[in-house]
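Analysis of the macromolecular model
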Number of protein chains: 2
Amino acid sequence: METVPEAHPRRKSIMTRHALVAGFEKGLVCGQGLIAQGRGEAFDYLLGEETNDFAKDASEAAAAMLLLARSPVVSVNGNMAALCAREIVLLAGEVGAKIEVNLFYRTDERVERVRQALSEAGAKRVLGGEGRGEVKIPELFSERRRVSRKGIYSADVVLLALEDGDRTKALVRMGKKVVAVDLNPLSATSQAATVTVVDEITRAIPGIRFAAAGLRRANRKALREKVRAFDNRKTLSRALKRIGARMRELSGELGRG
Amino acid sequence: METVPEAHPRRKSIMTRHALVAGFEKGLVCGQGLIAQGRGEAFDYLLGEETNDFAKDASEAAAAMLLLARSPVVSVNGNMAALCAREIVLLAGEVGAKIEVNLFYRTDERVERVRQALSEAGAKRVLGGEGRGEVKIPELFSERRRVSRKGIYSADVVLLALEDGDRTKALVRMGKKVVAVDLNPLSATSQAATVTVVDEITRAIPGIRFAAAGLRRANRKALREKVRAFDNRKTLSRALKRIGARMRELSGELGRG
């Protein structure tokens with residue numbers, strides 16, 4: 001892996017990119033996953049490469065929803081495993097969620113690599129890819145509709161990230177609440193999810209975990225109130241406004257520069 | 001390659017992505033090139049996935065600059081070869097430019113693949129990777145500083161795309177005029193270039209060619225006037241304003257939806 005100077009203004013972003021390319025070389029991440037990372041990078045850049053207020057509010061609502069859930073599941077793909085396997089295991093532990101591997105571009109080998117990365121990060125049990133234990137999501141085609149009967153299929157709340165819009169919509173149609181981590185406030189996933197955390201995955205996953213830790217002593221009524229008060233459409237609108245404002249700001253700097 | 005329904009609203013973008021993944025599988029494109037494509041896709045989406053007025057104006061200035069050049073060179077990387085090899089050959093023919101392969105993540109094998117793709121697209125002569133015919137750009141490290149003595153090194157105008165900012169700056173310091181195709185109006189390359197065409201590469205390259213064809217009968221004085229009247233800083237500012245305006249527009253739709 002290349003080294004990036006400590007003082008480089010975009011060091012964190014470049015390190016994340018390197019981690020993903022390393023995951024690609026290990027067979028965790030696929031080519032389309034690299035392109036998806038690039039799209040995310042661009043949006044993160046436009047959002048200021050920081051956790052904005054609307055993302056913090058969404059993380060609070062997401063944490064409350066996960067803590068209230070009967071059977072929450074964190075759905076993990078190759079990019080997530082390459083970038084934050086350990087943080088996923090910690091979050092699942094904090095909210096009592098199961099972990100399931102679910103890949104859009106699925107091969108048995110890649111499922112196995114992702115399972116292995118999660119196990120190495122401390123996961124005791126990883127669902128997904130069981131074969132006979134899998135069932136199909138209605139109205140979805142291709143391999144991505146296969147989910148674990150004991151995991152996503154029977155979950156009431158699913159946390160997912162960097163997800164295909166059709167699959168997110170299918171989960172919502174099945175009556176599940178969906179927490180999505182997605183940097184594009186306009187994506188089909190962002191718009192279909194119950195709670196969208198518009199933030200970079202390596203900041204968002206620990207952010208939700210910290211929010212959950214802070215809510216550990218809250219009673220169910222308070223948690224329900226937090227979920228009820230959350231408006232996803234407004235959150236996405238705030239994210240778009242932030243991008244617009246940053247563009248105007250940078251545009252002005254350019255004019256003066 | 002997967003098929004994309006004719007009616008899919010983002011068909012062109014998805015087809016381009018597939019072409020790049022195919023280029024990756026053929027060894028033309030590297031992992032970092034896929035991530036770069038993703039960043040570009042996000043900006044293209046924010047720019048409306050169309051050739052905007054500021055890109056048309058920049059293409060006119062770029063065409064005039066290439067036609068006025070004593071020794072223009074088109075610098076080609078893996079993404080460009082995978083996405084528009086034929087269009088590059090046609091543009092080079094239209095303005096009398098040389099073609100040179102220049103890769104950021106350079107391996108002899110990938111240089112050879114890119115040369116081959118350009119030859120298959122009709123290029124008679126491709127510079128770059130000659131070994132003894134190469135010299136080094138001052139003040140630049142790593143393999144990317146190697147350029148062809150008969151090509152970029154002695155060029156007065158270089159057209160490049162999806163380029164590293166430090167390398168663009170080094171070319172400008174060497175006194176060259178640089179035409180950059182870059183979807184991010186804030187990138188170091190966009191800001192260092194003499195003329196930046198903020199547009200997607202498969203639209204920008206034919207766009208510059210059409211502009212050059214339209215200027216074929218213009219005299220040198222008219223061409224010089226076109227170059228003189230062009231203001232790159234204003235062009236980039238217009239691109240940023242377009243993104244800001246689109247964000248506000250989409251943000252409003254979200255609020256009403």
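Check the entry above for the structure.
Structural notes, computed from the coordinates. Values in this document were obtained by computation on a predicted structure and should not be read as measured data. (Residues numbered from 1 in each chain as written. Chains lettered and ligands numbered in written order. Predicted model: local features only at pLDDT ≥ 70, side-chain atom pairs only at ≥ 80, totals over all residues. Heavy atoms only, no water.)

Attention now goes to the overall build of chain A. Check the secondary structure of chain A and you find ten helices and seven strands. Relative to the globule expectation of 18 Å for 257 residues, the C-alpha radius of gyration of chain A, 18 Å, shows essentially globular dimensions. Dimensions of chain A along its principal axes, counting C-alpha atoms only, are 65 × 45 × 35 Å. Per-residue burial for chain A yields a buried fraction of 56% across its 257 residues. In chain A, the share of contacts with a sequence separation of at least 24, taken over all contacts with a separation of at least 6, comes to 66%. Surface summary for chain A: the accessible area is close to 11400 Å², and the carbon and sulfur share equals 49%. (Helix = DSSP H or I, 4+ residues; strand = E, 2+ residues; numbered from the N terminus. Rg over C-alpha atoms; globule rule 2.2 N^0.38 Å. Buried < 20%, exposed > 50% of the residue type's maximum accessible area, 1.4 Å probe, protein only. Contact = heavy atoms within 4.5 Å. Areas by Shrake-Rupley, 256 points an atom, 1.4 Å probe, with all protein chains shown as cover.)

Of the residues lining the interface, 34 residues belong to chain B; the matching set on chain A comes to 34 residues. Buried area between chain B and chain A, summed over both chains or domains, comes out near 3100 Å², and the portion from carbon and sulfur atoms is 70%. There are two salt bridges connecting chain B and chain A. Between Arg-39 of chain A and Glu-41 of chain B there is a salt bridge, and its shortest N-O distance comes to 2.7 Å. Elements represented by at least two residues in the side of chain B that touches chain A include exactly helix 1 (11–25), helix 2 (31–46) and helix 10 (232–256) of chain B. (Buried area = accessible area lost by both parts, 1.4 Å probe. Salt bridge = Lys/Arg side-chain N within 4 Å of Asp/Glu carboxyl O.)

It is worth spelling out the relation of the copies chain B and chain A at this point. The transform that puts chain B on chain A rotates by 180 degrees and translates by 0.0 Å along the axis, for an RMSD of 0.0 Å. As the rotation angle and translation indicate, the two copies are arranged about a two-fold axis. (Least-squares fit on C-alpha atoms with pLDDT ≥ 70 in both.)

A few words on the sheet that holds strand 6 (residues 177–181) of chain A. Residue and element names in this part refer to chain A. Strand order in the open sheet formed by five strands is 2-1-5-6-7, with parallel pairing between adjacent strands. The outermost strands of the open sheet, each flanked by one partner alone, are strand 2 (98–101) and strand 7 (195–197). Ignoring which end each strand starts from, the neighbouring axes of this sheet average 20 degrees apart. Bridge count between strand 5 (residues 157–161) and strand 6: five bridges; the pairing is parallel. Following the sheet pairing, Ala-161 is matched in strand 6 by Val-181. On the sheet, helix 3 (residues 53–68) packs against strand 1 (72–76), strand 5, strand 6 and strand 7 and is oriented at approximately 130 degrees with respect to strand 7. Contacts from helix 4 (residues 78–95) reach strand 1, strand 2 and strand 5 within the one sheet, and its direction differs from that of strand 1 by about 175 degrees. (Pairing = 2+ DSSP bridges. Axes fitted to C-alpha atoms, helices over the stretch in contact; angles between N-to-C directions.)

Residue and element names in this part refer to chain B. By secondary structure assignment, the location of Lys-150 is in the loop between strand 4 (146–148) and strand 5 (157–161). Classification of Lys-150 by relative accessible area gives exposed; the value is 53%. For the pair Lys-150 and Leu-103, spaced 47 residues apart in sequence, the C-alpha to C-alpha distance is 17 Å. Not counting residues within four places of it along the chain, the set of residues in contact with Lys-150 comprises Lys-98, Arg-125 and Leu-127.

In this section: the pairing of strand 5 of chain A. All names here are of chain A. Most of strand 5 is tucked away: five of the five residues are buried. Going residue by residue along strand 5, you find Val-157, Leu-159 and Ala-161 tucked away on one face and Val-158 and Leu-160 tucked away on the opposite face as well. Following the backbone out of strand 5, through helix 6 (residues 165–173) and into the adjacent parallel strand 6, one traces a crossover that is right-handed. (Right-handed = clockwise from strand over helix to strand, strands pointing away.)

Looking now at the side chain of Ser-75 of chain A. Looking at the element boundaries, Ser-75 of chain A is found in strand 1. Here Ser-75 of chain A is in contact with Met-80, Glu-100, Asn-102, Ile-152, Val-158, Leu-159, Leu-160 and Arg-167 of chain A, once residues within four sequence places are set aside.

Turning to the sheet that holds strand 7 (residues 195–197) of chain B, a few remarks are in order. Residues and elements named next belong to chain B. Taken in spatial order, the five strands of this open sheet run 2-1-5-6-7, and their pairing is parallel. Each edge of the open sheet carries a strand with a single partner, namely strand 2 (98–101) and strand 7. Along the sheet, successive strands turn relative to each other by an average axial angle of 20 degrees, direction set aside. Where strand 1 (residues 72–76) lies against strand 2, four bridges are found, and the strand directions are parallel. The residue bridging Val-74 from the neighbouring strand is Ile-99, located in strand 2. On top of the sheet, helix 4 (residues 78–95) reaches strand 1, strand 2 and strand 5; it is set at about 175 degrees to strand 1, its chief contact.

Once that is clear, we can look at the packing of helix 4 of chain A against helix 8 (residues 201–214) of chain A. Residue and element names in this part refer to chain A. Here helix 4 crosses helix 8 at 10 degrees, and the two axes come no closer than 9 Å. If you check the angle between helix 4 and helix 8, you find them roughly parallel. Two secondary-structure elements touch here, helix 4 through Met-80, Leu-83, Cys-84, Glu-87, Ile-88, Leu-90, Leu-91, Glu-94 and Val-95 and helix 8 through Ile-201, Thr-202, Ile-205, Pro-206, Ile-208, Arg-209, Ala-212 and Ala-213. Per-class residue counts for the contact of helix 4 with helix 8 are 13 nonpolar, one polar and three charged. (Parallel < 35°, antiparallel > 145°, perpendicular 65-115°, else oblique. Nonpolar A, V, L, I, M, F, W, Y, C, P; charged D, E, K, R; others polar.)

To continue, consider the nonpolar core. Ranked by size, the top nonpolar core spans 144 residues in total, and within it Leu-118 of chain A together with Leu-118 of chain B carry the most contacts. Leave out the neighbours within four places in its chain, and Leu-118 of chain A touches Val-76, Ala-85, Ile-88, Val-89, Ile-99, Val-101, Ala-123 and Val-126 of chain A. (Core = buried A, V, L, I, M, F, W, Y, C linked by side-chain atoms within 4.5 Å.)

Looking now at the pattern of salt bridges. Applying the stated rule across the entire model yields 24 salt bridges over all chains. Ionic contacts of the salt-bridge type, sharing partners, join the residues Arg-17 and Glu-41 of chain A together with Arg-39 of chain B into one network.

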